[in-house]
Each structure stands twice: as structure tokens, then as C-alpha cells.
Amino acid sequence: MIKAALIMALAGHILCGVSDCLLGYSRKGRLDLKNINDEEKMAAMFADMPLSFPLVSMLLGTFAILLFGFGYMTLSYWMSRFSAVAANIMFISAMVFLIPIVTHHVFCGAVEWLYIRLDRKGEVRTAVLEMQKKTISTMFAGYAGLMVFLITLFIMTVTGRTDMPAWGCIFNTLVFMLLMLPSKMPAKGNIAGALMYLGLIFMI
């Protein structure tokens, strides 16, 4: 049962990475977010973005987060074998991560969809950027929850308080993110999450 949930989480992070790329790439390649400060450059940047990309991203991303949510809940349950306190911290922080982050993902897709659908005009740009700024707290809340979850998992593993070897602490999104930070790889967070669950499938 635990293995199945971890496999679902692995698949979920891969699919979520795909959904992130649908928001970050047009037919011409990767979008340069620096261009959002210039009305004409932003309009040109999204000129080749198919309207289907953000729509599919919202739907796929929501399904993907549901999938990897099983992994975070299962790791919380697994941790209860070793520490009720750590398990509760992980469960609560996972909920703080999952609920806001799915909201944030939908908002990001909606912002792009509306901007493209309404012909990338100046007033539309102002409105969607305002919406993005006013809902950005969902991203901060979600990643704060994820950080608490990952730090708790790392500490419990590296101190030998689980049945994994201490070196198993490397199978943690934070570790992989630090390794990938210098790169320009897209969807780094989801790649790191997928690698964490790939390792844990064999460790737990």
C-alpha cells in the first residue's frame, strides 16, 4: 500500500512538471518572465502560446497534485511508526502545502488563459498581473508547508530515528533542489520531488 502511494506521488510530480512546462513554454520556446514588465514584449511573448496550454495545465496540474498528495499523506502515516509528533507535523504541513499549492497552480493557469483569450491588451495585462500579485500568498503558504515537511523528514532520517539508514536523508526534495539550483532546468521542484519519491520507493 505504501509503495503504491509512493509510485503515485512519483507519477504526480512528473505530470505536474509537464503542467508547469505548459505554462512556461510557448511554441517558440521558454518564456522570459522579465518581459512581463514591458507591455509590448509581454504581448509578443504570448502571441505564440496556444490557448489550450494553460487550460490543460490547470486540469493536468490539479490531477497531478491529487496524485502526489497521496505520497505526502502516506509518508506522514509511515512516520507515525517512529514519532507521533513528527508524523503530526508532517501531516499538518502537508495539508498546508497541498491545499494552497493547487489553488496557486489554478490561478497561474487562469491568469495566462485570460490574458491570451482577451487578446493580450494593455488593460488585460494590468488586471491579470494584479490578480497574480493578490493571490501570490497561496504560493508562499504552500511552499512554507512543504519546507516544514521536508525538514522534518530530513531530520528524522539523518538522526537515525526511522528504519531507513541515515544516508537515506539524501532522498529529499531539498537536497535535489540545492543540487539543481545552478542549472536552468525547467520544473526543478517537480523533478526534485520525483527523484525523492523514486529513491523512497526502494528505501521504504
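An account of the accompanying structure is given in this report. (Residues numbered from 1 in each chain as written. Predicted model: local features only at pLDDT ≥ 70, side-chain atom pairs only at ≥ 80, totals over all residues. Heavy atoms only, no water.)

Observations concerning the layout of surface pockets
What the largest pocket holds in volume is close to 1,400 Å³. Elements with a contribution of two residues or more to the lining of the largest pocket: α1 (2-24), α2 (39-45), α3 (52-79), α4 (84-117), α5 (122-134), α6 (137-158), α7 (173-180) and α8 (188-203). If one sorts the elements of the lining of the largest pocket by residue count, α4 sits on top with 8 residues. Broken down by class, the residue content of the lining of the largest pocket amounts to 32 nonpolar, 9 polar and 6 charged. (1 Å grid on protein atoms, 1.4 Å probe; cavity = no way out; pocket = protein on both sides within 12 Å on 5 of 7 lines; lining within 4 Å. Points joined across faces, edges and corners; volume = space filled by probe spheres on them. Helix = DSSP H or I, 4+ residues; strand = E, 2+ residues; numbered from the N terminus. Nonpolar A, V, L, I, M, F, W, Y, C, P; charged D, E, K, R; others polar.)

Thoughts on α8
The end-to-end C-alpha separation of α8 is 22 Å, in line with the 22 Å expected for 16 residues at 1.5 Å each. Listed as buried for α8 are K188, N190, A192, G193, A194, M196, Y197, G199, L200, I201 and M203. Elements that come into contact with the buried residues of α8 comprise α1, α3, α6 and α7. (Expected span 1.5 Å × (residues − 1). Buried < 20%, exposed > 50% of the residue type's maximum accessible area, 1.4 Å probe, protein only. Contact = heavy atoms within 4.5 Å.)

So, the pattern of salt bridges
Inspection of the entire model under this criterion finds 2 salt bridges. When the shortest N-O distance is used, the salt bridge between K28 and D48 registers 3.2 Å. With K28 in the loop between β1 (25-26) and β2 (29-30) and D48 in the loop between α2 and α3, the pair connects residues that are 20 residues apart, well separated along the chain. (Salt bridge = Lys/Arg side-chain N within 4 Å of Asp/Glu carboxyl O.)

Observations concerning a nonpolar patch on the surface
On the surface, a cluster of nonpolar side chains totalling about 440 Å² of accessible area is made up of F91, I92, M95, V96 and I99. Considering the arrangement of structural elements, one finds V96 in helix α4. (Patch = residues over 30% accessible without salt bridge, like charges linked within 9 Å, V, L, I, M, F, W, Y side chains within 5 Å. Areas by Shrake-Rupley, 256 points an atom, 1.4 Å probe, with all protein chains shown as cover.)

Digging into the packing of aromatic side chains
The geometry of two aromatic rings is summed up by the distance between their centres and the angle between their planes. With the rule as written, the count across this model stands at 8 aromatic pairs. Taking 5.4 Å as the distance between ring centres and 80 degrees as the angle between the ring planes, the aromatic pair formed by F46 and Y115 counts as edge-to-face. Here the residue F46 occupies a position in the loop between α2 and α3, and Y115 occupies one in helix α4, the gap between them amounting to 69 residues. Comparing F46 with Y115 shows no difference in burial state: the two are buried. A ring pair is formed by W78 and F82, whose centres lie 5.1 Å apart and whose planes are at 75 degrees; its orientation type is edge-to-face. Classification of W78 by relative accessible area gives buried; the value is 0%. (Phe/Tyr/Trp six-rings, centres within 6.5 Å; stacked < 30°, edge-to-face > 60°.)

Remarks on the side chain of T74
One can find T74 in helix α3. Apart from residues lying up to four places away in sequence, T74 is in contact with I2 and A5.

Section: the nonpolar core
Residues Y72 and L75 are the most contacted members of the largest nonpolar core, which totals 36 residues. Put simply, the parts of the chain that give this core at least two residues each are α1, α3, α4, α6, α7 and α8. (Core = buried A, V, L, I, M, F, W, Y, C linked by side-chain atoms within 4.5 Å.)

Description of the side chain of S93
Mapped onto the fold, S93 is located in helix α4. Overall, the relative accessible area of 4% leaves S93 in the buried class. Within the structure, the side chain of S93 is placed 3.4 Å from the backbone nitrogen of F149, a separation counted as a polar contact. If near-sequence neighbours (up to four positions away) are discounted, S93 is found in contact with G145, L146, V148 and F149. (Polar contact = N/O pair within 3.5 Å; in protein donor to acceptor, adjacent residues only side chain to side chain.)

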